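Inside the fold
Now for the letters of each chain:
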Amino acid sequence: MRKHILHTLLLLMFPLITWAHEIRPGYLEIKENANHSLQVTWKQPLMGEYGVPLHPSISSGWMVDSLAQISYTETYLIKHWQIPASHAALDAQTITIDGLEKTMTDVLVQITLLNDVSFTYLIKPVQPYVQLTLSKPQPPPVWQYIQLGVFHIWSGFDHLLFVFGLLLLVRKRSKLLWTITAFTIAHSITLALATLQMVKVPGAFTETAIAMSIVFLAVELVHHYKGKNGFAYQYPWMVAFLFGLLHGLGFASALKDVGLPQNNIPLALFLFNVGVELGQLAFVFVMLLFMAAINKIPYNRKPWQKYIAPYFIGSMAAFWMIERMCVMLNSD
C-alpha cells in the first residue's frame, strides 16, 4: 500500500514540478513624478514563451494596451504607461487584475507618492481587486512580503526538492537540525547580498547551478542507499551551506523581478526572507509527518523501492539542468 501512495504522490507532483521556478507573482507599480504625472509599470509573469493571461485595470481606465510601451525579460512581460498630471485622483480607485482568479499566483501592488509616501497591497486569486485608500498612512507591509516569501518557496519546486533530498539523506534529527540551519543561514546571506547588489551573478547561471546541486544530492543519496557514504552523507551541513549560497541567489532573482519599495528595501528584504523561512519550516514539518506516517504502514518492502525518490529527484533536476543550460547558451 505504501508503494502505491508514493507512486500516486509522485504522479500528482510531476505536472507541477516540471515548471520549477515558473510560478512568479505579478507586480504593478504606480509612481508619482515631481510634476504630479504618474508612471505605471506592469510586470506579467511568463511561463516559457507564454504570458500568464492577466490584465490589470483601474477604474480611471489608464491601462489601455494600445497606449503601453512593451518589453520582455526571461521571466516577465513588462508594460509601461505615462499618465499626465491632469489625471483623476488615485485615492478610492479600484485596481482589478482580470484573469487572476484562474491562476495560482498573486500580484503585488506598490504605489509611491511624492515625499516617499508608499502603499503596498497584495492581490490574491480569491479576491482579484483592491480599493485604494491613500488618504491615511499605511502600516509597514509586513504581511504582504511575508506572504510573497512563503509563496515563493512553496512554488519553487527545485528548492523544495533539495530540502526533501536532505530529509531523506539525514535521518538523525540533531544532524538534520544543523543541516537545515546551515542551508537557511547560507541562502539568507546571498539573498541579502544579491538583493542589495553587493553580489551580481547571471540568473541563468544561478538556476543551472541550482539544478546541478540537486543532481549531486540525488547521486549522493543513491550511493548512500548502496552502502557508499559519500561527502554529502558525512558532512551534510557543509553541503547544505555551500549549495544554500546558490539557492539564496535564486531567491534574490525572484525578489528583484517582483520589485522592492525603494524607500524601505531592508524591511522588505527581511520580511521576504522571514516568509521563505516560514514556508521552508512548514514544508519540512509536513514532509517529516508524511514520512513518519508512511513508515507506520505495514507492508512487505521491496529493496528497489527505496530508489524511487532519489531517481525521481535526480531525473527532475537533470531535466531542469539541461533546459536551463540551453537557455544560458542561447542567451550568450
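Keep in mind that what you see is a predicted model, and the values were worked out from it rather than measured. Per-chain numbering applies: the sequence of each chain, read as written, is numbered from 1 onward. Given that the model is predicted, a residue must reach a pLDDT of at least 70 before its local features are reported, and side-chain atom pairs must reach 80 or more before they are shown or counted; all residues, however, enter totals for whole chains, interfaces and linings. In computing side-chain properties, one takes all heavy atoms of the structure into account and sets aside hydrogens as well as water.

Residues enter a nonpolar core if they are buried and are Ala, Val, Leu, Ile, Met, Phe, Trp, Tyr or Cys, with the set joined through side-chain atoms within 4.5 Å. Each residue gets one of three labels from its accessible area relative to the maximum for its type: buried under 20%, exposed over 50%, partly exposed in between, using a 1.4 Å probe on protein chains only. Of all hydrophobic cores here, the largest spans 63 residues; its most connected members are Y145, F164, L168 and I214. If you list the elements that add at least two residues to this core, you get β6 (76-83), α2 (142-155), α3 (157-169), α4 (173-195), α5 (203-225), α7 (236-258), α8 (265-295) and α9 (308-331). In this description a helix means any DSSP run of H or I spanning at least four residues, a strand means any run of E spanning at least two, and both kinds are numbered starting from the N terminus. If you tally residues by element for this core, the top one is α3, at 10 residues. Beyond its immediate sequence surroundings of up to four residues, Y145 is in contact with L108, Q110, T120, L255, G259, L260, P261, A268, L271 and F272. By size, the runner-up hydrophobic cluster in this structure holds 26 residues, among which are L38, L90, I95 and I123. Pairs of residues are marked as contacts when any of their non-hydrogen atoms sit within 4.5 Å.

As a further point, take the confidence of the model for the protein chain. For every residue, the pLDDT score states the predictor's confidence, bounded by 0 at the bottom and 100 at the top. Summing up the model confidence of the protein chain, the mean pLDDT is 86 and the portion of residues at 70 or higher is 90%. Mean pLDDT across the elements of the protein chain bottoms out in helix α1 (residues 2-17) (46) and peaks in strand β7 (residues 94-98) (96). Scored below 50 in pLDDT, residues 1-19 makes 30 contacts in the model with residues more than four places away or belonging to other chains.

Within the fold, P53 resides in the loop between β3 (50-51) and β4 (55-58). Classification of P53 as exposed rests on a relative accessible area of 55%. For the pair formed by P53 and I97, sequence separation is 44 residues and the distance between their alpha carbons is 9.9 Å.

Quick look at a nonpolar patch on the surface now. What goes into a patch is any residue over 30% in relative accessible area without a salt bridge, connected to like charges within 9 Å or, for nonpolar side chains (Val, Leu, Ile, Met, Phe, Trp, Tyr), within 5 Å. Areas reported here follow the Shrake-Rupley algorithm with a probe of radius 1.4 Å; residue values treat only the protein chains shown as occluding. For this analysis, a salt bridge means a side-chain nitrogen from Lys or Arg found within 4 Å of a carboxyl oxygen belonging to Asp or Glu. Together, L196, M198, V199, V201 and F205 give the surface a local cluster of nonpolar side chains, amounting to about 440 Å² of exposed area. Inspection of the secondary structure assignment puts L196 in the loop between α4 and α5.

In this section: the pattern of salt bridges. Per the stated rule, a full pass over the model turns up four salt bridges. As a salt-bridge pair, D65 and K79 come within 3.0 Å of each other at their nearest N and O atoms. Of this pair, D65 sits in the loop between β4 and β5 (69-72) while K79 sits in strand β6, and the two are 14 residues apart along the sequence. One network of salt bridges, in which partners are shared, links D158, E207 and R324.

Bringing a positive patch on the surface into the picture now. Positive charges are assigned to Lys and Arg, negative charges to Asp and Glu, while His and the chain termini are left out of the count. Lysine's charge is taken at NZ, arginine's at CZ, aspartate's at CG and glutamate's at CD. A surface patch of positive charge is lined by R171, R173, R301 and K306. Position of R301 relative to the elements: it lies in the loop between α8 and α9.

What follows is about the side chain of T206. Take T206: it is sitting in helix α5. On the accessibility criterion, T206 (3% relative accessible area) is buried. With near-sequence residues (within four places) excluded, T206 lies in contact with V201, L246, L249 and G250.

With that settled, the discussion passes to the pairing of β4. Only one face of β4 is covered, namely the one carrying P56 and I58; the face carrying H55 and S57 has none of its residues buried. Note: two strands are recorded as paired if DSSP finds a minimum of 2 bridges between them. As paired elements, β4 and β7 share four bridges and run antiparallel to each other. Of the residues in β7, the one forming a bridge with S57 is T96.

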